[in-house]
Amino acid sequence: VHCVSYSSGIGQYFLIVVAPSSLSLSLSLVILTNPTTATPLQSYTSHGYEVLSLSISPDNSTFASAGGDKLVFHWDVATAKTLRRFEGHFSRINDVTHNDDASVLVSGSYDATVRLWDLKSQSRKAVQVLEDAKDSVTSVCAKGCEVLVGSVDGRVRNYDIRMGRCFVDLIGWPVTSVAVTGDGNAFLVGALDGGIRLMDKINGGMLQCYRGHVNGDFRVRSCFGEGEKYVITGSEDGWIWVYDLLEAKVVEKLKGHGGKVVTCVAYNPGGRKQMVSSGTDGTVIVWGE
(Lines give C-alpha, C1' and ligand atoms only; values in the text may rest on other atoms or scores of the structure.)
Protein backbone atom coordinates (compact mmCIF):
# COMPACT_ATOMS: atom_id res chain seq x y z
CA VAL A 1 0.00 0.00 0.00
CA HIS A 2 1.66 3.21 -1.19
CA CYS A 3 -0.64 5.84 0.27
CA VAL A 4 -3.44 6.57 2.71
CA SER A 5 -5.31 9.86 3.11
CA TYR A 6 -7.81 11.19 5.63
CA SER A 7 -10.85 13.13 4.52
CA SER A 8 -10.67 16.87 5.14
CA GLY A 9 -12.16 18.66 8.14
CA ILE A 10 -12.84 16.29 11.02
CA GLY A 11 -11.18 13.31 9.35
CA GLN A 12 -14.25 11.11 9.58
CA TYR A 13 -13.12 8.77 6.79
CA PHE A 14 -9.97 7.79 4.96
CA LEU A 15 -9.04 6.42 1.55
CA ILE A 16 -6.81 3.39 1.03
CA VAL A 17 -5.56 1.67 -2.12
CA VAL A 18 -5.59 -2.01 -3.02
CA ALA A 19 -3.03 -2.76 -5.76
CA PRO A 20 -3.92 -4.82 -8.88
CA SER A 21 -1.67 -7.66 -7.72
CA SER A 22 -3.75 -8.02 -4.54
CA LEU A 23 -6.86 -10.19 -4.45
CA SER A 24 -6.37 -11.08 -8.15
CA LEU A 25 -7.69 -7.68 -9.24
CA SER A 26 -7.21 -6.43 -12.79
CA LEU A 27 -7.54 -2.77 -11.69
CA SER A 28 -6.42 -0.81 -8.66
CA LEU A 29 -9.16 -0.34 -6.08
CA VAL A 30 -9.51 2.79 -3.93
CA ILE A 31 -11.69 2.21 -0.87
CA LEU A 32 -13.44 4.80 1.32
CA THR A 33 -13.33 3.47 4.87
CA ASN A 34 -14.53 4.36 8.35
CA PRO A 35 -11.33 4.36 10.50
CA THR A 36 -13.18 3.48 13.70
CA THR A 37 -15.12 0.46 12.47
CA ALA A 38 -12.91 -0.46 9.46
CA THR A 39 -16.13 -0.60 7.42
CA PRO A 40 -15.74 -0.09 3.64
CA LEU A 41 -18.26 2.53 2.50
CA GLN A 42 -17.51 2.99 -1.19
CA SER A 43 -15.05 1.75 -3.81
CA TYR A 44 -13.54 3.38 -6.91
CA THR A 45 -12.04 1.40 -9.79
CA SER A 46 -10.38 2.66 -12.98
CA HIS A 47 -6.59 2.66 -12.67
CA GLY A 48 -4.92 -0.23 -14.47
CA TYR A 49 -1.65 0.25 -12.59
CA GLU A 50 -0.67 1.02 -9.02
CA VAL A 51 -2.18 4.13 -7.44
CA LEU A 52 0.70 6.08 -5.88
CA SER A 53 -1.07 9.19 -4.56
CA LEU A 54 -4.46 10.44 -3.34
CA SER A 55 -5.74 13.93 -2.60
CA ILE A 56 -9.15 14.77 -1.13
CA SER A 57 -10.75 18.15 -1.81
CA PRO A 58 -11.34 20.51 1.15
CA ASP A 59 -15.13 19.96 1.02
CA ASN A 60 -14.75 16.14 0.70
CA SER A 61 -17.02 16.01 -2.35
CA THR A 62 -14.28 14.94 -4.74
CA PHE A 63 -10.83 13.40 -4.70
CA ALA A 64 -7.97 12.84 -7.11
CA SER A 65 -5.89 9.73 -7.69
CA ALA A 66 -2.79 9.15 -9.79
CA GLY A 67 -0.18 6.48 -10.39
CA GLY A 68 1.53 4.13 -12.76
CA ASP A 69 -0.82 4.60 -15.72
CA LYS A 70 0.35 8.25 -16.14
CA LEU A 71 -3.21 9.54 -15.59
CA VAL A 72 -4.88 11.78 -13.02
CA PHE A 73 -8.45 10.76 -12.18
CA HIS A 74 -10.88 13.22 -10.60
CA TRP A 75 -13.66 11.41 -8.72
CA ASP A 76 -17.07 12.18 -7.28
CA VAL A 77 -16.98 10.69 -3.77
CA ALA A 78 -20.72 9.98 -3.45
CA THR A 79 -21.37 8.38 -6.85
CA ALA A 80 -17.94 6.76 -7.37
CA LYS A 81 -17.95 8.12 -10.92
CA THR A 82 -14.98 9.64 -12.71
CA LEU A 83 -15.61 13.34 -13.34
CA ARG A 84 -12.46 14.04 -15.36
CA ARG A 85 -9.39 12.22 -16.56
CA PHE A 86 -6.24 14.23 -17.19
CA GLU A 87 -3.40 12.97 -19.38
CA GLY A 88 -0.12 14.53 -20.44
CA HIS A 89 2.61 13.03 -18.28
CA PHE A 90 5.04 10.68 -20.02
CA SER A 91 5.74 8.45 -17.04
CA ARG A 92 4.19 7.38 -13.74
CA ILE A 93 2.77 10.08 -11.51
CA ASN A 94 4.27 10.01 -8.02
CA ASP A 95 2.14 12.63 -6.30
CA VAL A 96 -1.03 14.69 -6.77
CA THR A 97 -2.57 17.42 -4.61
CA HIS A 98 -5.33 20.05 -4.61
CA ASN A 99 -4.72 23.73 -4.09
CA ASP A 100 -6.54 25.47 -1.21
CA ASP A 101 -9.85 26.08 -2.98
CA ALA A 102 -9.79 22.90 -5.10
CA SER A 103 -9.75 24.89 -8.35
CA VAL A 104 -6.45 23.35 -9.48
CA LEU A 105 -4.83 19.93 -9.27
CA VAL A 106 -1.03 19.68 -9.16
CA SER A 107 0.74 16.48 -10.22
CA GLY A 108 4.42 15.50 -10.13
CA SER A 109 5.87 12.70 -12.23
CA TYR A 110 8.83 10.45 -12.84
CA ASP A 111 9.16 12.39 -16.13
CA ALA A 112 10.62 15.27 -14.02
CA THR A 113 7.70 17.62 -14.68
CA VAL A 114 4.93 19.18 -12.62
CA ARG A 115 1.61 19.84 -14.31
CA LEU A 116 -1.24 22.08 -13.16
CA TRP A 117 -4.79 21.09 -14.18
CA ASP A 118 -7.72 23.53 -14.09
CA LEU A 119 -10.76 21.91 -12.46
CA LYS A 120 -13.05 24.83 -13.33
CA SER A 121 -12.63 24.64 -17.11
CA GLN A 122 -13.52 21.75 -19.40
CA SER A 123 -10.02 21.49 -20.84
CA ARG A 124 -8.12 18.27 -20.22
CA LYS A 125 -4.78 19.86 -21.04
CA ALA A 126 -2.44 21.15 -18.36
CA VAL A 127 -2.70 24.92 -17.89
CA GLN A 128 0.95 25.09 -16.84
CA VAL A 129 3.97 22.76 -16.96
CA LEU A 130 6.96 23.23 -14.62
CA GLU A 131 10.09 21.62 -16.05
CA ASP A 132 12.96 22.75 -13.81
CA ALA A 133 13.53 19.43 -11.98
CA LYS A 134 16.51 17.44 -13.23
CA ASP A 135 15.15 14.09 -12.03
CA SER A 136 11.93 12.42 -10.91
CA VAL A 137 9.45 14.61 -8.99
CA THR A 138 8.48 12.72 -5.84
CA SER A 139 6.33 15.19 -3.93
CA VAL A 140 4.15 18.24 -4.61
CA CYS A 141 2.44 20.52 -2.11
CA ALA A 142 0.22 23.55 -2.80
CA LYS A 143 -0.34 26.44 -0.40
CA GLY A 144 -1.97 29.68 -1.51
CA CYS A 145 -0.40 30.75 -4.80
CA GLU A 146 2.74 28.68 -4.12
CA VAL A 147 3.66 25.14 -5.20
CA LEU A 148 6.45 23.24 -3.43
CA VAL A 149 8.14 20.51 -5.45
CA GLY A 150 10.47 17.82 -4.08
CA SER A 151 12.72 15.93 -6.49
CA VAL A 152 15.24 13.11 -6.65
CA ASP A 153 17.75 15.75 -7.79
CA GLY A 154 18.00 16.74 -4.10
CA ARG A 155 16.19 20.04 -4.33
CA VAL A 156 12.93 21.58 -3.15
CA ARG A 157 11.62 24.21 -5.55
CA ASN A 158 9.13 26.77 -4.34
CA TYR A 159 7.13 28.26 -7.22
CA ASP A 160 5.24 31.49 -6.72
CA ILE A 161 2.73 30.98 -9.53
CA ARG A 162 1.27 34.47 -9.26
CA MET A 163 4.63 36.25 -9.46
CA GLY A 164 6.27 33.76 -11.82
CA ARG A 165 9.27 33.15 -9.55
CA CYS A 166 11.05 30.02 -8.34
CA PHE A 167 13.18 29.68 -5.19
CA VAL A 168 15.39 26.61 -4.79
CA ASP A 169 16.56 24.95 -1.55
CA LEU A 170 19.38 22.43 -1.89
CA ILE A 171 18.85 19.40 0.35
CA GLY A 172 21.67 17.33 -1.14
CA TRP A 173 19.84 13.99 -1.05
CA PRO A 174 16.86 12.65 -3.02
CA VAL A 175 13.68 14.12 -1.53
CA THR A 176 10.92 11.65 -0.60
CA SER A 177 8.22 13.94 0.82
CA VAL A 178 7.32 17.58 1.37
CA ALA A 179 4.70 18.96 3.78
CA VAL A 180 4.01 22.61 4.58
CA THR A 181 2.97 24.08 7.93
CA GLY A 182 -0.46 25.59 8.39
CA ASP A 183 0.87 29.16 8.38
CA GLY A 184 2.95 28.47 5.28
CA ASN A 185 6.17 29.76 6.84
CA ALA A 186 8.02 26.43 7.05
CA PHE A 187 8.03 23.05 5.37
CA LEU A 188 9.04 19.51 6.24
CA VAL A 189 11.38 17.62 3.90
CA GLY A 190 12.09 13.89 4.03
CA ALA A 191 15.21 12.64 2.23
CA LEU A 192 17.07 9.41 1.50
CA ASP A 193 19.89 10.19 3.93
CA GLY A 194 17.56 9.09 6.73
CA GLY A 195 16.85 12.63 7.86
CA ILE A 196 13.81 14.89 7.97
CA ARG A 197 14.44 18.62 7.89
CA LEU A 198 12.21 21.48 9.00
CA MET A 199 13.06 24.35 6.68
CA ASP A 200 12.33 28.06 6.95
CA LYS A 201 10.54 28.91 3.71
CA ILE A 202 11.45 32.58 3.84
CA ASN A 203 15.25 32.40 4.21
CA GLY A 204 15.93 28.74 3.39
CA GLY A 205 17.53 28.00 6.76
CA MET A 206 17.16 24.64 8.49
CA LEU A 207 15.19 25.04 11.71
CA GLN A 208 15.48 21.45 12.94
CA CYS A 209 16.54 17.95 11.84
CA TYR A 210 15.01 14.65 12.91
CA ARG A 211 17.07 11.44 12.80
CA GLY A 212 16.75 7.88 14.06
CA HIS A 213 14.39 6.26 11.58
CA VAL A 214 15.69 4.33 8.55
CA ASN A 215 15.10 5.76 5.07
CA GLY A 216 17.69 5.03 2.40
CA ASP A 217 15.92 3.23 -0.43
CA PHE A 218 12.15 3.75 -0.42
CA ARG A 219 9.83 6.72 -0.68
CA VAL A 220 8.64 7.18 2.90
CA ARG A 221 6.18 10.00 3.58
CA SER A 222 6.29 11.98 6.81
CA CYS A 223 3.70 14.36 8.26
CA PHE A 224 2.86 16.70 11.13
CA GLY A 225 0.82 15.39 14.04
CA GLU A 226 -1.48 16.83 16.70
CA GLY A 227 -1.58 20.41 15.52
CA GLU A 228 2.06 20.40 14.37
CA LYS A 229 3.25 19.41 17.83
CA TYR A 230 4.97 16.33 16.41
CA VAL A 231 6.74 15.11 13.29
CA ILE A 232 5.70 11.57 12.39
CA THR A 233 7.33 9.26 9.87
CA GLY A 234 7.47 5.67 8.80
CA SER A 235 10.70 3.73 8.61
CA GLU A 236 12.16 0.94 6.50
CA ASP A 237 12.59 -1.25 9.60
CA GLY A 238 8.84 -1.41 10.29
CA TRP A 239 8.66 1.26 13.00
CA ILE A 240 6.74 4.52 13.15
CA TRP A 241 8.76 7.29 14.74
CA VAL A 242 7.21 10.27 16.52
CA TYR A 243 9.49 13.28 17.11
CA ASP A 244 8.90 16.44 19.12
CA LEU A 245 8.73 19.25 16.56
CA LEU A 246 10.77 21.79 18.51
CA GLU A 247 13.35 19.61 20.28
CA ALA A 248 13.62 16.75 17.73
CA LYS A 249 13.52 14.21 20.58
CA VAL A 250 11.93 10.81 19.98
CA VAL A 251 8.59 10.88 21.79
CA GLU A 252 7.36 7.44 20.80
CA LYS A 253 8.08 4.44 18.57
CA LEU A 254 5.39 2.09 17.28
CA LYS A 255 6.13 -1.24 15.61
CA GLY A 256 3.86 -2.61 12.91
CA HIS A 257 3.47 -3.91 9.36
CA GLY A 258 5.33 -7.13 10.11
CA GLY A 259 8.62 -5.30 10.41
CA LYS A 260 8.48 -4.23 6.74
CA VAL A 261 8.71 -0.75 5.24
CA VAL A 262 6.15 1.75 6.56
CA THR A 263 5.49 3.74 3.40
CA CYS A 264 3.08 6.42 4.60
CA VAL A 265 1.56 7.89 7.76
CA ALA A 266 -1.35 10.32 7.93
CA TYR A 267 -2.59 12.05 11.09
CA ASN A 268 -6.26 12.76 11.72
CA PRO A 269 -6.88 16.45 10.83
CA GLY A 270 -9.94 16.82 13.05
CA GLY A 271 -8.24 16.92 16.44
CA ARG A 272 -8.62 13.24 17.31
CA LYS A 273 -5.50 11.50 18.53
CA GLN A 274 -5.57 9.03 15.69
CA MET A 275 -3.38 8.22 12.73
CA VAL A 276 -3.25 5.67 9.95
CA SER A 277 -0.23 3.98 8.37
CA SER A 278 0.41 1.82 5.31
CA GLY A 279 3.23 -0.57 4.49
CA THR A 280 4.84 -2.86 1.93
CA ASP A 281 3.23 -5.80 3.74
CA GLY A 282 -0.05 -4.72 2.14
CA THR A 283 -1.79 -3.70 5.35
CA VAL A 284 -3.23 -0.48 6.75
CA ILE A 285 -3.18 0.12 10.52
CA VAL A 286 -5.27 2.63 12.45
CA TRP A 287 -3.50 3.89 15.59
CA GLY A 288 -5.29 5.70 18.41
CA GLU A 289 -5.89 5.98 22.09
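Here the structure is a predicted model, which means the values were calculated and not measured.

Participant: Is there a simple way to explain the overall build of the protein chain in this structure?
Facilitator: Within the protein chain, the secondary structure is distributed over 0 helices and 27 strands. Its C-alpha atoms give the protein chain a radius of gyration of 17 Å, within 12% of the compact-globule value 19 Å for 289 residues. Per-residue burial for the protein chain yields a buried fraction of 55% across its 289 residues. Counting contacts in the protein chain only where the partners sit at least 6 residues apart, residues at least 24 apart contribute 38% of the total. A total accessible area of about 12,500 Å² is found for the protein chain, and carbon and sulfur atoms account for 51% of it. In the protein chain, which carries 27 positive and 30 negative side-chain charges, the distance between the mean positions of the two groups comes to 3 Å.

Participant: Please explain unusual backbone geometry as it appears in this structure.
Facilitator: Across residues other than glycine, the phi torsion is negative in most instances, and most of the peptide bonds are trans. Unlike most non-glycine residues, Lys 70 shows phi in positive territory, near 70°. Within the secondary structure layout, Lys 70 lies in the loop between strand 6 (62-67) and strand 7 (71-76). A positive phi angle, near 65°, is found at Glu 228, a position not held by glycine. Within the secondary structure, Glu 228 is located in the loop between strand 21 (222-225) and strand 22 (230-233). For Glu 228, a relative accessible area of 28% translates into the label partly exposed.

Participant: Before we go on, may I ask you to explain the UniProt feature "repeat: WD" (unreviewed entry) in the protein chain in this structure?
Facilitator: Per the UniProt record, the feature "repeat: WD" (unreviewed entry) sits at residues 44-85, 86-127 and 262-289. From the first C-alpha to the last, residues 86-127 spans 11 Å; its make-up is 0% helix and 45% strand.

Participant: Help me understand the side chain of Ser 107 in this model?
Facilitator: Within the secondary structure, Ser 107 is located in strand 10 (residues 104-109). Looking at Ser 107, its side chain comes within polar contact range of the side chain of Trp 117, at 2.9 Å. Not counting the four nearest positions on each side in its chain, Ser 107 is found in contact with Val 72, His 89, Ile 93, Asp 95, Val 96, Thr 113, Val 114, Arg 115, Trp 117 and Val 140.

Participant: Help me out: how do you make sense of the sheet that holds strand 1 (residues 4-6) in this one?
Facilitator: Pairing between sheet strands relies on hydrogen bonds along the backbone, with the strands arranged either parallel or antiparallel. The 4 strands are arranged 1-2-3-4 in an open sheet whose pairing can be described as antiparallel. The open sheet terminates on both sides in strands that have one partner only, identified here as strand 1 and strand 4 (39-45). Within the sheet, the average angular offset between the axes of one strand and its neighbour, ignoring direction, is 25°. Two strands pair when backbone bridges link them, and strand 1 and strand 2 (residues 14-18) are joined in this way by 3 bridges, in the antiparallel orientation. Counted as the bridge partner of Tyr 6 is Phe 14 from strand 2.

Thresholds, definitions, all that
- Residues numbered from 1 in each chain as written.
- Predicted model: local features only at pLDDT ≥ 70, side-chain atom pairs only at ≥ 80, totals over all residues.
- Heavy atoms only, no water.
- Helix = DSSP H or I, 4+ residues; strand = E, 2+ residues; numbered from the N terminus.
- Rg over C-alpha atoms; globule rule 2.2 N^0.38 Å.
- Buried < 20%, exposed > 50% of the residue type's maximum accessible area, 1.4 Å probe, protein only.
- Contact = heavy atoms within 4.5 Å.
- Areas by Shrake-Rupley, 256 points an atom, 1.4 Å probe, with all protein chains shown as cover.
- Lys, Arg positive; Asp, Glu negative; His and termini not counted.
- Charge placed at Lys NZ, Arg CZ, Asp CG, Glu CD.
- UniProt positions renumbered as here; feature names shortened; annotations may be inferred.
- Polar contact = N/O pair within 3.5 Å; in protein donor to acceptor, adjacent residues only side chain to side chain.
- Pairing = 2+ DSSP bridges.
- Axes fitted to C-alpha atoms, helices over the stretch in contact; angles between N-to-C directions.

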